[in-house]
Amino acid sequence: MGRNSSSSPDGFDGNGHAGNGSGGGNDLGFHSIRDRFLFKRNPNPSPSPSQHQLERGKTLLPPDRPALRGRSQPNRFNRKGFLWLFPLKGKSTFYLVIIFAVFLFAMASMVLQSSITSVVRQGSDRGRWLRGGLKLGSTLRFVPGRNARRLAEGDGLDRLRNEPMIAVREPRLAIILGKMKKDPQSLMLITVIKNIQKLGYALKIFAVEDGNARTVWEQLGGQISIIGSESYRHTDWSTFEGIIADSLEAKGAISRWAMKRHLSTSADQLSTLNISFILWERRDEGGQWREEGGHSFSKEPFCSVPLVWIIQEDTLANRLPVYEKMGWMDLISYWRSAFSRANVIVFPDFSLPMLYSVLDSGNFFVIPGSPLDVWAAESYMKTQSKIQLRKDNGFSKDDLLVLVVGSSTLYNELSWDYAVAMHTIGPLLIKYARRKDPGGSFKFVFLCGNSTDGYNDFLQEIAARLGLQDDSLRNYGINSDVKSVLLMADIVLYDASQDVQGFPPLLLQAMTFEIPVIAPDFPVLKKHLVDGVHGIFFTKHNPDALMKAFSLLISNGKLSRFAQAVASSGRRLAKNMLASECVKGYARLLENVLNFPSGAFLPGPISQLHQGAWEWNLFQKEIDLTSSDMLNIAEGGSLFKNLSIVYALEGEFTNSASSKNISEDETGNLDQDIPHELDWDVLGEIESSEEYERLEMEELEERMDRNPGVWDEIYRNARKSEKLKFEANERDEGELERTGQPVCIYEIYSGAAAWPFLHHGSLYRGLSLSTRARRLRSDDVNAVVRLPILNETYYRDILCEIGGMFAIAKKVDNIHGRPWIGFQSWHAAGRKVSLSTEAEKVLEETIQENTKGDVMYFWAHLNMNGGVDNALTFWSMCDILNGGYCRNAFEDAFRRMYGLPSHIEALPPMPEDGGHWSALHSWVMPTPSFLEFVMFSRMFTDSLDASHGNVSKRNMCLLGSSEIEEKHCYCRILEVLVNVWAYHSGRKMVYIDPHSGSLEEQHPLELRQEFMWAKYFHITLLKRMDEDLAEAADDGDHPSEMWLWPLTGEVHWQGEVEDMSLTR
């Protein structure tokens, strides 16, 4: 009667719901834990409801103890209960009893939660960081943000695969390795990359540092570029459909950093940080760290390249609580900013994103699967003996050890999982832990808390109250050697109060140790394990089901043959568990994240992947290393932990904060110790001065062999005078450098990340399409100032480089007074087709010698732009680069531009003679020819916009198949427009090899006479059309609401000149 009258909840599941468990000793054991903890936690408590509960709990002893029976005093109340006060009969009595029972259950649940709250210790900093704001009884789950959910729920490329398309190259994927070591993290990534390569991806691999896994990676992706080398610094990331960065160490490649306080720091000293191109950072007015410029994925033009960042380590997660405690919010914001650059941050399990939650900007995602736990267990087994471990820990080899583990999220303390588990396994303890068979006995080991927290005393009290054998219950802290505890066990019992999202790592290690496991029938476990084959399932919070499952593994006090078969099957399964799911998860993610442009093949369908195992054969030697060597790796750390970028960046932050001997105020404010604007200015001057001296010497050396002349003498004298006063006026010096030069090549760029691709010297001048991206210490032209329409992001994006040309052509005499003019996209240097020193010399000499004739020299040809095959025609290449719509778009724009009727052909013919065509806006021509080309291009662009664009559908673009192509809608068709104009206007087209400087005429004039549409490209017709448009603009007669032509340059017509004369 005493047992049945207990008001404690049966099988409380942590969510406020009751299970199906019965009463019995399990109920009593549960109360014993609670009561004992209250006594130990607060030995001298003040009166409180919890103290009353303690006094009441002392009466709840096992039914075979005389004390309980002696205290039962028969009286009327005990015989009938207090229902005798309410003389109800029939159904009323029945309903009242039910209501009262529910009320008691709810009250008991509340008291139980309060009790457990009072006994649970605070746990480690990591646990508090994770559980902040978590209430008892609630379920802890990782829920991806909106962006991550969109990626997870995307339909991939299934729709696009059903559409007709022409492709000429494989999709390109860049891999950035934070480290090239043979460890579990590399094993996972190599397995994934090797399989997605089978789907048709072309790989290019970069690495932050060299390592012993370099040979393996070279077999996958060919030659590896080490970050810090010149080749890495001039990598055009926009040529890749996406980037995969591995580990936190890749942070140095994602955005360069340097926090230096000492003004005497030189560039050589900074290079010791393994930074090839320093990204100076300053504090803005809000006090946050921000990036000023340099080679960074967070800056244009690379910020649009999809980035998948894989984080497998918890190094930073363990430091985040420290940063919060120290008040280093700038450092947390810095990492949050870095994380936010990635389109998606991928973790291998569901606990890591919760540990990093303070950095989550909605892009956290989980793809379960890692060989880390299996690797750790395999390495441990090779150096440890189960018998010896038992002997060292005071267990007999004949003891049957049952290890009880709970949720990995909370097993760093005695939490709900163990309280509820004690209720569930109570009958199991009473049945088996009371027995003492000859030669051995049952031992139940609980893995929770810290080894110094005294939980063993609590467990021994439980054992005494339940009448269990001495030392039948024991606790091991999570801070002890967990793998040794697992290896000693004969059975692992997993019992959690709440469902789990991912496969528990301790179960995976136990299965690798060939230990049979018993677990609740959670969906994620049933997804991977077959009941009775790889493990045994029982209904959650059902002691009878647990008893039945446990009995299947026991025979005469030993493990049964069935248990041994389950353990063997579990080990085989564990070795490659989640490998297939992991590989397919990444393949699906890439389909949803990457931008597949026109001309690129789509990767093969995921159904082609049949990989079901990790690439163990590549790492077997490393697994055989001793356990001591693998300790840090097995725990998810690094053998070179102190060299991690996390600690390096933290050290830079603390050094900058403590370099000046300034006393802190009571709030510990470190703002005074952070570098200020003046500090950065002085440091920038030092850096710029060193760079200037180096470039000056290079330029002087390269001009030593040139023919001297009057202008050369003036140039050298000007340089000598300016050398002594470098800081005077950089822009004026740029003009002096170009004095006497017949040509100036404007290098067009659109972001700070393109700076390393720009050239220095008198031949070049930068042309920035963005005011914010312009190099401050240069005389670069600000295209936005000259052409205000470029200040509108939409038009800057759809026009790209030709918008910069329009800006130069507007009042060209104010900025360019030379007979020849050239342009070059910053992409040319990234794609290794920019002019070499030898080619520059040949070009300048050729221009000076041949002053007559109308000719266009170009050095980047169309076949290099995307790897297009020579066998394709000009228009088929254009179609491929523009989503198959180039011919239609060009014909519509051309017909609209000239007002041609529908029955007249409007697509200019282009020959199939195998010659080269210009690409990347990399060419030089006479300045008058350039102005004529701009006149034609402005009208064509306006017609293209009018026939293709629509104010109500600005985001709609038929000239692209990917998001990036749609953003830069007109760019690719305008890139090849110069070829149509040069060919049909009768310009001589000469290709100059960018490396050797050799010259070769393309599409000779005498062979194209019968194909040219010269009448449409004659300067007289173009001028008349231009004047008609100018007159319409002057009269306000706009053909559409958003008329592009007047916004792209000057508006002049003869009537305007006559009106001005009359006015005078």
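Further up the page is the structure itself.
Residues numbered from 1 in each chain as written. Predicted model: local features only at pLDDT ≥ 70, side-chain atom pairs only at ≥ 80, totals over all residues. Heavy atoms only, no water.

Draft legend 1. Looking closely at the overall build of the protein chain. Summing up its helical and strand segments, the protein chain has 45 helices and 27 strands in all. Classification of the 1064 residues of the protein chain by burial places 55% in the buried group. The long-range share in the protein chain, meaning contacts at least 24 apart out of those at least 6 apart in sequence, stands at 74%. Accessible surface, the protein chain as shown: approximately 46,500 Å² in total, 51% of it carbon and sulfur. (Helix = DSSP H or I, 4+ residues; strand = E, 2+ residues; numbered from the N terminus. Buried < 20%, exposed > 50% of the residue type's maximum accessible area, 1.4 Å probe, protein only. Contact = heavy atoms within 4.5 Å. Areas by Shrake-Rupley, 256 points an atom, 1.4 Å probe, with all protein chains shown as cover.)

Draft legend 2. Up close: the sheet that holds strand β25 (residues 923-926). The sheet built from eight strands is open, its strands ordered β22-β21-β20-β23-β25-β24-β26-β27 with mixed pairing. At either margin of the open sheet sits one strand with a lone partner, and together these are β22 (781-782) and β27 (999-1002). Pairing of strand β23 (residues 820-825) with β25, which is carried by four bridges, proceeds in the antiparallel orientation. By the bridge assignment for β25, Phe823 is matched with Trp923. (Pairing = 2+ DSSP bridges.)

Draft legend 3. Region of interest: helix α24 (residues 543-552). Taken residue by residue, α24 has Pro543, Ala545, Leu546, Met547, Ala549 and Phe550 as its buried positions. In this structure Asn542 caps α24, since a side-chain oxygen of it lies 3.1 Å from the backbone nitrogen of Asp544. (Polar contact = N/O pair within 3.5 Å; in protein donor to acceptor, adjacent residues only side chain to side chain.)

Draft legend 4. Spotlight on the environment of Tyr857. As for its position among the elements, Tyr857 is in strand β24 (residues 855-858). The sequence separation of Tyr857 and Gly822 amounts to 35 residues, and the corresponding C-alpha distance is 8.9 Å. Discounting chain neighbours no more than four positions away, the residues touching Tyr857 are Trp820, Leu843, Thr846, Ile847, Asn850, Ser922, Trp923, Val924 and Val990.

Draft legend 5. Molecular detail of the sheet that holds strand β3 (residues 202-207). Pairing is parallel in the open sheet, where seven strands are placed in the order β4-β3-β2-β5-β8-β9-β10. The sheet terminates laterally at β4 (225-226) and β10 (364-366), the two strands that pair on one side only. Of the strand pairs in this sheet, β3 and β4 are connected by two bridges, and their pairing is parallel. Paired with Phe206 across the bridge in β4 is Ser225.

Draft legend 6. Broad picture of the state of the cysteines. Counting across every chain of the model gives three disulfides. Note on cysteine connectivity: Cys800 is disulfide-linked to Cys971, with sulfurs 1.8 Å apart. Classification of the bridge connecting Cys800 and Cys971 rests on its S-S torsion, roughly 70°, and on that basis the disulfide is right-handed. Placement of Cys800 in the loop between α34 (793-799) and α35 (801-809) and of Cys971 in helix α42 (residues 971-975) is noted, with a sequence separation of 171 residues between them. The residue that forms a disulfide with Cys957 is Cys969, at a sulfur-sulfur distance of 2.1 Å. The chirality of the disulfide connecting Cys957 with Cys969 is right-handed, given an S-S dihedral of about 90°. Here Cys957, found in the loop between α40 (927-948) and α41 (963-967), pairs with Cys969, found in the loop between α41 and α42; they are twelve residues apart in sequence, far enough to count as distant. A single burial state applies to Cys957 and to Cys969, both of which are buried. Each bonded cysteine of the protein chain gets a number by its place in the sequence, and the pairs then read 1-6, 2-3, 4-5. (Disulfide = S-S within 2.5 Å.)

Draft legend 7. Layout of the pairing of strand β9 (residues 344-347). The alternating pattern of β9 places Val344 and Val346 on one face and Ile345 and Phe347 on the opposite face, and all of these are buried. Judged from the three bridges that link them, strand β8 (residues 307-310) and β9 form a sheet pairing that is parallel. Across the sheet, the residue bridging to Ile310 is Val346, located in β9. Direction of pairing for β9 relative to β10: parallel, over a ladder of three bridges. Counted as the bridge partner of Phe347 is Val366 from β10.

Draft legend 8. Geometry of the pattern of salt bridges. Scanning the model with the defined rule gives 23 salt bridges in all. With a closest N to O distance of 3.7 Å, Asp490 and Lys386 form a salt bridge. Residue Asp490 is located in the loop between α21 (482-488) and β14 (491-494), and its partner Lys386 is located in helix α18 (residues 386-392); the two are separated by 104 residues in the primary sequence. The class for Asp490 is buried, based on a relative accessible area of 13%. Glu591 is paired through a salt bridge with Arg588; the nearest N and O atoms lie 3.4 Å apart. Here Arg588 and Glu591 lie together in helix α26 (residues 579-593), a separation of three residues that amounts to about one turn. Judged by its relative accessible area of 5%, Glu591 is buried. Classification of Arg588 by relative accessible area gives partly exposed; the value is 29%. (Salt bridge = Lys/Arg side-chain N within 4 Å of Asp/Glu carboxyl O.)

Draft legend 9. Examining the packing of helix α9 (residues 184-197) against α26 more closely. Where α9 meets α26, the closest approach of the two axes is 9 Å, and the angle between their N-to-C directions is 60°. Here α26 runs oblique to α9, going by the angle between their axes. Taken as a pair, α9 and α26 cross one another with a handedness that is right-handed. Residues Met188, Thr191, Val192, Asn195 and Ile196 of α9 lie in contact with α26, whose contacting residues are Cys582, Val583, Tyr586, Ala587 and Leu590. (Axes fitted to C-alpha atoms, helices over the stretch in contact; angles between N-to-C directions. Parallel < 35°, antiparallel > 145°, perpendicular 65-115°, else oblique. Left-handed = near helix turned anticlockwise from the far one by under 90°.)

Draft legend 10. Highlighting the pairing of strand β5 (residues 242-246). By the criterion of burial, β5 is predominantly enclosed, with five of the five residues buried. Side chains of β5 alternate between two faces, with Gly242, Ile244 and Asp246 and Ile243 and Ala245 buried alike. Relative to β5, strand β2 (residues 172-177) runs parallel, the two being bridged by five bridges. Of the residues in β5, the one forming a bridge with Leu173 is Gly242.

Draft legend 11. Quick peek at the environment of Val934. Inspection of the secondary structure assignment puts Val934 in helix α40. Along the chain, Val934 and Gly1049 lie 115 residues apart, while their C-alpha atoms are 9.1 Å from each other. Discounting chain neighbours no more than four positions away, the residues touching Val934 are Met805, Phe806 and Ala809.

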